[in-house]
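Working through the structure, step by step
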Amino acid sequence: MGQRVLVVEDEEDIAFPLVRTLEREGYEVEWVDSGQKALDSLKALPASLMILDLGLPDFDGLEVCRRARDSGYEGAIMIVTARAGELDRVVGLDYGADDYLSKPFGLAELQARVRALLRRTTGAGPAAPESSDGLRIDVESRRVWSGQAEVNLTGKEFDLLAILLADRDKVVSRERLMAEVWDEHWFGSTKTLDVTLGRLRHKLEDVGVKERIVAVRGVGFRLEGDPAHA
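Notes on the structure in this doc start here. Computed from a prediction, not measured in an experiment: that's the story for all the values here. (Residues numbered from 1 in each chain as written. Predicted model: local features only at pLDDT ≥ 70, side-chain atom pairs only at ≥ 80, totals over all residues. Heavy atoms only, no water.)

A short note on the overall build of the chain
Scanning the chain from terminus to terminus reveals 8 helices and 11 strands. Taking contacts inside the chain between residues at least 6 apart in sequence as the whole, the part at least 24 apart equals 58%. As displayed, the chain has an accessible area near 10900 Å², and 50% of this comes from carbon and sulfur atoms. (Helix = DSSP H or I, 4+ residues; strand = E, 2+ residues; numbered from the N terminus. Contact = heavy atoms within 4.5 Å. Areas by Shrake-Rupley, 256 points an atom, 1.4 Å probe, with all protein chains shown as cover.)

Focus: the packing of aromatic side chains
Counting across every chain of the model gives 1 aromatic pair. Ring geometry for Phe16 and Trp31: centres 5.2 Å apart, planes at 75°, overall edge-to-face. Within this pair, whereas Phe16 is found in helix H1 (residues 12–24), its partner Trp31 is found in strand E2 (residues 28–32), the two being separated by 15 residues in sequence. Under the relative-accessibility criterion, Trp31 is labelled partly exposed at 29%. Directly above the ring of Phe59 sits Arg67, whose terminal nitrogen or CZ lies 4.4 Å from the centroid. (Phe/Tyr/Trp six-rings, centres within 6.5 Å; stacked < 30°, edge-to-face > 60°. Buried < 20%, exposed > 50% of the residue type's maximum accessible area, 1.4 Å probe, protein only. Lys NZ or Arg CZ within 6 Å of the ring centre and 35° of its normal.)

Looking at the sheet that holds strand E10 (residues 212–216)
Strand order in this open sheet of 3 strands is E9-E11-E10, and the pairing throughout is antiparallel. Across the chains shown, the open sheet's two edge strands, defined by having one partner strand only, are strand E9 (172–173) and E10. Where E9 lies against strand E11 (residues 220–224), 2 bridges are found, and the strand directions are antiparallel. Within the sheet, the bridge partner assigned to Ser173 lies in E11 and is Gly220. Each of E9, E10 and E11 touches helix H6 (residues 155–166); the most contacted strand, E11, lies at about 70° to it. Contacts from helix H8 (residues 191–206) reach E10 and E11, with the element oriented near 150° to E10. (Pairing = 2+ DSSP bridges. Axes fitted to C-alpha atoms, helices over the stretch in contact; angles between N-to-C directions.)

Brief notes about the environment of Arg199
Position of Arg199 among the secondary structure elements: in helix H8. According to the relative accessible area criterion, Arg199 is buried, its value standing at 11%. Along the sequence, Arg199 and Asp94 sit 105 residues apart, while their C-alpha atoms lie 7.5 Å from each other. What Arg199 contacts, discounting residues up to four positions off in sequence, is Leu93, Asp94, Gly96, Ala97, Thr154 and Glu157.

Details of the sheet that holds strand E6 (residues 135–138)
Spatially, E6-E7-E8 is the arrangement adopted by the 3 strands of the open sheet, whose pairing is antiparallel. Both outer strands of the open sheet, E6 and strand E8 (149–151), are each paired with one neighbouring strand and no more. With direction set aside, neighbouring strand axes in the sheet form an average angle of 30°. Summarising the sheet, E6 and strand E7 (residues 143–146) pair through 4 bridges and their orientation is antiparallel. Bridging across to E7, Leu135 finds its partner in Ser146.

Below you can see the structure in the form of structure tokens.
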């Protein structure tokens, strides 16, 4: 059985072509037309990817995104919306979305985005080392621990941490992070990187990780160890 995709869209004339296209690609697709149905579906059977419209009849898609992340959903979230402003993009990503596609869009672009997003959020890569502060990352299972506590990350948060940890104490450029975590289909603001790294910082701090993500002005970012042991 293929990867499961949840389409959350209240307009049938938009939803049906999406569903047909994704099914032809080999995905198992479920379509729901409201935010509450989406949350109920994720609770019953988590999806690899949720394609989420913002203009839903019961409550805003951003609220669906926030509630899904707060409830522990770790799959990918792609927002599709007519709201094309940079602020809306940043707000959506700050709520836990992984990608943002503006309406109207072509089905070929959607297919490419879905494939790229699922590669990043479910694919395997080279293992990153365990740090001296007990931060451990398993790239194959895409799980992170600090001591005995697991850190729940979104797809892009995980990818950023894997890159920074693999090059611990070295500066990783903004350009490299954007190229490796996002892809050639991303045309949004690089503020997306800052928003995602901000969420990652807070999650690591919340579980007591001693390492810090430090911004190197005009260059990029570096994962540093506990300054008390420097």
